[in-house]
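Each chain, letter by letter, is given below.
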Amino acid sequence: MLIVNHFIRILIGVFFVLSGITKLYPIEPFEIIFVDLGISNFFIAPFIARFIIVFEIFLGLCIVFDCWFKDIIYKLVWASLVVFTIYLVYLLITEGNAVDCGCFGSFLTLNPIQSIIKNLGLLIVLLFVKRRKMIKTKKKKILLILTFIGVIFYYFCLPKNLFDNPTSTVVT
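Notes on the structure in this doc start here.

What counts, and where the lines are drawn
Residues take numbers from 1 onward in each chain, read along the sequence in its written order. At least 70 in pLDDT is required for a residue's local features to be given in this predicted model, at least 80 for side-chain atom pairs to be given and counted, and no such filter applies to totals for whole chains, interfaces and linings, which use all residues. Where side-chain values are given, they derive from all heavy atoms of the structure, hydrogens and water being excluded. Labels follow the DSSP assignment, with helices taken as runs of H or I lasting at least four residues and strands as runs of E lasting at least two, numbered in each case from the N terminus. For every residue, the accessible area obtained with a 1.4 Å probe (protein chains only) is divided by the maximum for its type, and the residue is called buried under 20%, exposed over 50%, and partly exposed between those limits. For this analysis, residues touch if any pair of their heavy atoms sits within 4.5 Å. Per-residue accessibility takes into account occlusion by the displayed protein chains alone, with areas from the Shrake-Rupley method and a 1.4 Å probe. Side-chain rings of Phe, Tyr and Trp, where Trp is taken by its six-membered ring, are said to pair if the distance between their centres is within 6.5 Å; with planes under 30 degrees apart they count as stacked, over 60 as edge-to-face, and otherwise as tilted. Here, a charge over a ring means that NZ of Lys or CZ of Arg falls within 6 Å of the ring centre while also lying within 35 degrees of the ring normal. Method remark: on a 1 Å grid restricted to protein atoms, a set of points is classed as a cavity if a 1.4 Å probe fits but cannot get out and as a pocket if it is open with protein on both sides within 12 Å along at least five of seven lines; lining residues have an atom within 4 Å of a point. Grid points are joined across faces, edges and corners, and a volume is the space filled by probe spheres set on the points. Amino acids outside the nonpolar list (Ala, Val, Leu, Ile, Met, Phe, Trp, Tyr, Cys, Pro) and the charged list (Asp, Glu, Lys, Arg) are all regarded as polar, and Gly is one of them. Residue types Ala, Val, Leu, Ile, Met, Phe, Trp, Tyr and Cys, when buried and joined through side-chain atoms within 4.5 Å, form a set referred to as a nonpolar core. Here the expected length of a helix is defined as 1.5 Å per residue gap, with one fewer gap than residues. Pairs of N or O atoms within 3.5 Å make up the polar contacts considered here, provided that, within protein, one atom can donate a hydrogen while the other can accept it, and that residues adjacent in sequence are counted only when both atoms are side-chain atoms.

### With respect to the overall build of the chain
- Within the chain, the secondary structure is distributed over six helices and zero strands.
- Going from N to C terminus, the chain has its helices and strands arranged as α-α-α-α-α-α.
- In the chain, buried positions account for 40% of the 172 residues.
- Restricting to contacts in the chain with at least 6 residues of sequence separation, those with at least 24 account for 68%.
- A total of about 10800 Å² of accessible surface is found on the chain, and carbon and sulfur atoms cover 75% of it.

Printed below as a string of structure tokens:
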């Protein structure tokens, strides 16, 4: 039973990591979602998109490495899945079922109903994953290194021309 538990835990973690990575390339459609929803403008949307991607990858890596931090990661995973499901219900009500939710970026097209079923399935499977509350010192070091890599990854993924002023260029 322990092997099945580890397999399911790693599968859920890899699912989160792949979901984050597939949103990254190309990232522009994911950024436009926040502008279309009215959450942000074109200047802030790249930061929000990259934060969500790094957050999702971070959660996935914590799940894979069995680092729950006294169930904080578990609660964050639940909260993120619930928030994404609420967004999907909103998308289903306002746009219908014919749109792509953007859950896997441009890699895989899922409509809101498919994504809601996926999220509910992940929530149900997550109920059965046994978590250890104590974190060994080695795992803390691994997680610290992964967090550092995630922060560096976040800043390297920022658009290179983000702070250029397009109105200041002179056209001759």
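There is more to say after this.
### A closer look at the packing of aromatic side chains
- Going through the model one piece at a time under the given rule, you end up with five aromatic pairs.
- Ring geometry for Phe-30 against Phe-34: centres 5.2 Å apart, planes inclined by 75°, an arrangement best described as edge-to-face. On the criterion of helical spacing, the pair formed by Phe-30 and Phe-34 is a turn pair, its members being four residues apart in helix α2 (residues 28-36). This pair shows no difference in class: Phe-30 is buried, exactly as Phe-34 is.
- Taken together, a centroid distance of 6.0 Å and an interplanar angle of 15° make the contact between Phe-51 and Phe-55 stacked. Taken together, the residues span about one helical turn, with Phe-51 and Phe-55 both in helix α3 (residues 45-64) at a distance of four residues.
- For Phe-51, a relative accessible area of 52% translates into the label exposed.
- The ring of Phe-84 carries the charged tip of Lys-23 above its face, separated from the ring centre by 6.0 Å.

### Here we look at the layout of surface pockets
- There is about 410 Å³ of room inside the largest pocket.
- Taken together, 23 residues line the largest pocket, and the ones lying closest to its centre are Phe-30, Ile-52, Val-83, Phe-84 and Tyr-87.
- Contributions of two or more residues to the lining of the largest pocket are made by α1 (2-24), α2, α3, α4 (72-95) and α5 (112-127).
- Top contributing element to the lining of the largest pocket by residue count: α4, with six residues.
- Per-class residue counts for the lining of the largest pocket are 17 nonpolar, three polar and three charged.
- Here the second largest pocket is characterised by a volume of approximately 330 Å³.
- As for the second largest pocket, its lining consists of 17 residues, of which Ile-33, Asp-36, Tyr-87, Leu-91 and Asp-100 are closest to the centre.
- At the level of secondary structure, the elements contributing two or more residues to the lining of the second largest pocket comprise α2 and α4.
- Split into classes, the residues belonging to the lining of the second largest pocket amount to 10 nonpolar, four polar and three charged.

### Describing the nonpolar core
- Counting 14 residues, the largest nonpolar core has Ile-12, Phe-16, Ile-63, Trp-68, Ile-73, Val-77 and Leu-81 as its most contacted members.
- Secondary-structure elements contributing two or more residues to this core are α1, α3, α4 and α5.

### Focus on α1
- With 23 residues, α1 should cover 33 Å at 1.5 Å per step; its first-to-last C-alpha distance of 33 Å lies within 8% of that length.
- For α1, the full list of buried residues reads Asn-5, Arg-9, Ile-12, Gly-13, Phe-16, Val-17, Ser-19, Gly-20, Thr-22, Lys-23 and Leu-24.

### A short note on the side chain of Ser-19
- Looking at the element boundaries, Ser-19 is found in helix α1.
- A distance of 3.1 Å separates polar atoms of two side chains, one belonging to Ser-19 and the other to Lys-23.
- Within the structure, Ser-19 has its side chain in polar contact with the side chain of Glu-56 (distance 2.8 Å).
- Those residues within four positions of Ser-19 in sequence are excluded, and the remaining contacts are Glu-56, Cys-103 and Phe-104.

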